[in-house]
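# Observations on the model geometry
Okay, here's what each chain looks like letter by letter:
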Amino acid sequence: MSLELKRILYNISALADLGQEVTSKKNFNEKIRSVLYVIMGTFLAVKGAIFSYEKDKKEIVPIVMKGFDSAFPSRLTIDLAHIESMKKNEAYRLAEDGNPVASDLLLSQLSHAGVEIFVPLWTRDELIGALALSSKFTAEPYSTEDFELLKVIANQIAITLHNHTLFMDLSAQLEENQKLYQEMRLIYHDTIQAFAAAIDAKDVYTKNHSYRVAKYVVAIARELGWDESDIEGIYIAGLLHDVGKIILRDELLNKKSPLTKEEIMEIKRHPSLSYNIISKIKFPWKDVVTIVRHHHERPDGSGYPDALKGEELSDGAKILTLADAFDAMTTDRPYRSKLDLKSAIEELRNCLGTQFDPKIMGAFCRVLEKEIKGELPEPNILPHLDDNFDPSIITSLLEATIKELSV
Amino acid sequence: MVVSKSLEDVAVIYPQGYLNNLVGESLEKECNACIGKGIKKIVLDFSKTKFINSIGISILLSIIEKLKKHNGILCFTSLNKMHEEIFEMLGITKYALVFRNEDEALKHFRVAVKE
Ligand SMILES: [Fe+2]
Ligand SMILES: [Fe+2]
């Protein structure tokens, strides 16, 4: 495994740690201290502090810090106009030239105390606090990826801090909490999309595979009448289903010649590897991990890793299996070129009952037909397919399949 | 839980189980106590450590920093493959001596002491 991938994995698990701490039932002080430790461990910072903003005094106050000496200021006055001119939840390197930093009293004070990275923490329009980190233990500079990750983390801490103030504030309203919950989900989406991009980048032949599969599973689940929260869950499962491939060697994934028995065994590990990685993350949606684990199972029991039979598999897993195979058929692979749409549908049909579930196939055909006929405002499948097919031939093939499945 | 023993000027500490919050903090306390007593050679033996997360890493960093300030030496022993890989990837192994087991670390210090 390359160093870069090891780092990605470490960062994923650090985010999982963060999620665990943020949602834990610890009291606030303990929680925020653990959060700071996670961040320092992630970026290898020797010193760190999280501040909360006191609106009436226009001051930030450290609520937890580690590594700084006793001379570290216990409260700092901020220049609100200046903070507002900085991007929300974005990390700034204080020592950098040409930064607005030098002119600001607060930031130069912090820089003096050993702070290298400063992140103003906001929830929507409200300044909530700040995060400060020293340089890295290894003296390496913070990388572009570090800055990206800091943004995601900053969003999470901002929400944690805000929830705390809400909790303190008796006028806290349910509606407000709901909004924050929505934001939290958006952050999850961003993070997960970033991981999915990392997976897809590794395998040149499956570029955007996870992204397309995620779109396809959403289309099928919606056709089956799933509710929005479950649809969101299966979307995430679609994005992450092959994350385990990150651990496999690049040569193996991109090999053109036929694979040896050992190599096939190796590749077949990826659903359980994906499962191991994402089972560390606490998702707000149910079933994500099991759907991912079972995306190469088959109704006839000949799939892997658990060789489950049709009735033991959830609809979610069956949807993902079909969407995954459909995308594999309609895109080029190292060992063969792609099938046209008609052949791909016929191939799915040939494998009904053994590899794919008839009920799921029915839903897939219905939604694809609707998309081709232009009946859906936001098609999820069609935009990703080659448009060199004859719509009337495909529609009649789909209609025949639907009819056959309904008897 | 953290178990430790001291042999002359060397302390051997065994972090147990999961090196996250609680264990991590008691480990740091234990190390600080050793340094306070003037023991500056610390061997961390990971044979009983199951799991180290980012919190554990941040705790190890502060121990290394503290020892650096006091001109001490930190050793890691009985690292399993997973821990060794993480430490190496993060560049932590550069700041500590790594031995296969506790005995080898102790042997190293005896030699160093005689010189
Ligand atoms: Fe897969
Ligand atoms: Fe896949």
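Details of the structure are given in the entry above.
First, a word on what this report is: a plain description of the structure on this page.

For the rest of this paragraph, the subject is the overall build of chain A. When its secondary structure is counted, chain A shows 16 helices and six strands. For chain A, buried positions account for 53% of its 407 residues. Of the roughly 18900 Å² of accessible surface on chain A, 51% is carried by carbon and sulfur atoms.

Ranked by internal contacts, the top residues of the largest apolar core, which has 66 residues, are A:Leu133, B:Leu44, B:Ile57, B:Phe76 and B:Phe87. Residues contacting B:Leu44, with those up to four places away along its chain left out, are B:Ile13, B:Leu27, B:Cys31, B:Leu60, B:Leu74, B:Cys75, B:Phe76 and B:Thr77. Core analysis: the second largest hydrophobic core is formed by 53 residues, A:Tyr216, A:Ile236, A:Ile278 and A:Ala363 among them.

Turning our eyes to something else, we now look at the coordination of the iron ion (ligand 1). In an ideal octahedron of six donors the angles at the metal are 90 or 180 degrees, and in an ideal tetrahedron of four donors they are 109.5 degrees. Residue and element names in this part refer to chain A. Looking at the iron ion (ligand 1), one finds its protein donor set to be Asp242 (OD), His270 (NE2), His295 (NE2) and His296 (NE2), positioned 2.1 to 2.3 Å from the metal centre. Between the four donor atoms coordinating the iron ion (ligand 1), the angles at the centre fall across 82 to 168 degrees, so the site counts as irregular. Taken as a pair, the iron ion (ligand 1) and the iron ion (ligand 2) lie 3.3 Å from each other and share Asp242 as a ligand. Of this pair, Asp242 sits in the loop between α8 (228-240) and α9 (250-253) while His296 sits in the loop between α12 (288-293) and α13 (315-329), and the two are 54 residues apart along the sequence.

Residues and elements named next belong to chain A. Considering all chains together, one arrives at 29 salt bridges over all chains under this definition. Note that Lys136 is salt-bridged to Asp146, the shortest N-O span being 2.9 Å. Note that Lys136 is positioned in the loop between β6 (126-133) and α5 (144-168) and Asp146 in helix α5, a separation of ten residues in sequence. Classification of Lys136 as buried rests on a relative accessible area of 9%.

Our focus in this paragraph is the interface of chain A and chain B. Contacts between the two partners involve 21 residues from chain A, matched on the other side by 19 residues from chain B. Looking only at chain A, the three residues that lose the most surface to chain B are A:Tyr10, A:Tyr37 and A:Phe137, adding up to 35% of its buried area. Across the chain A-chain B interface, the total number found is two salt bridges. Between B:Glu25 and A:Arg33 there is a salt bridge, with its nearest N and O atoms 3.1 Å apart.

Another point: the coordination of the iron ion (ligand 2). Residues and elements named next belong to chain A. Donor atoms from the polypeptide that bind the iron ion (ligand 2) are His209 (NE2), His241 (NE2), Asp242 (OD) and Asp324 (OD), placed at 2.2 to 2.4 Å. Coordination at the iron ion (ligand 2) comes from four donor atoms whose angles at the metal span 74 to 168 degrees, giving a geometry best classed as irregular. Spacing between the donor residues of the iron ion (ligand 2) along their common chain follows H-x31-H-D-x81-D. Residue classification places His209 among the buried residues on the basis of a relative accessible area of 3%. Overall, Asp324 belongs to the buried group, its relative accessible area being 7%.

Residues and elements named next belong to chain A. Running from N to C, helix α7 (residues 209-223) and α8 cross one another at 155 degrees; their axes reach a closest spacing of 7 Å. One way to sum up the angle between α7 and α8 is to call them roughly antiparallel. When you trace α7 past α8, the crossing you get is right-handed. On α8, the residues touching Ser210, Tyr211, Val213, Ala214, Val217, Val218, Ala221 and Arg222 of α7 are Glu228, Ile231, Ile234, Tyr235, Gly238 and Leu239. Per-class residue counts for the contact of α7 with α8 are ten nonpolar, two polar and two charged.

How each quantity is defined
- Residues numbered from 1 in each chain as written.
- Chains lettered and ligands numbered in written order.
- Predicted model: local features only at pLDDT ≥ 70, side-chain atom pairs only at ≥ 80, totals over all residues.
- Heavy atoms only, no water.
- Helix = DSSP H or I, 4+ residues; strand = E, 2+ residues; numbered from the N terminus.
- Buried < 20%, exposed > 50% of the residue type's maximum accessible area, 1.4 Å probe, protein only.
- Areas by Shrake-Rupley, 256 points an atom, 1.4 Å probe, with all protein chains shown as cover.
- Core = buried A, V, L, I, M, F, W, Y, C linked by side-chain atoms within 4.5 Å.
- Contact = heavy atoms within 4.5 Å.
- Donors = N, O, S within 2.8 Å, 3.2 Å for Na, K, Ca; no water.
- Tetrahedral: all angles 85-135°; square planar, octahedral: opposite > 155°, others 65-115°.
- Salt bridge = Lys/Arg side-chain N within 4 Å of Asp/Glu carboxyl O.
- Buried area = accessible area lost by both parts, 1.4 Å probe.
- Axes fitted to C-alpha atoms, helices over the stretch in contact; angles between N-to-C directions.
- Parallel < 35°, antiparallel > 145°, perpendicular 65-115°, else oblique.
- Left-handed = near helix turned anticlockwise from the far one by under 90°.
- Nonpolar A, V, L, I, M, F, W, Y, C, P; charged D, E, K, R; others polar.

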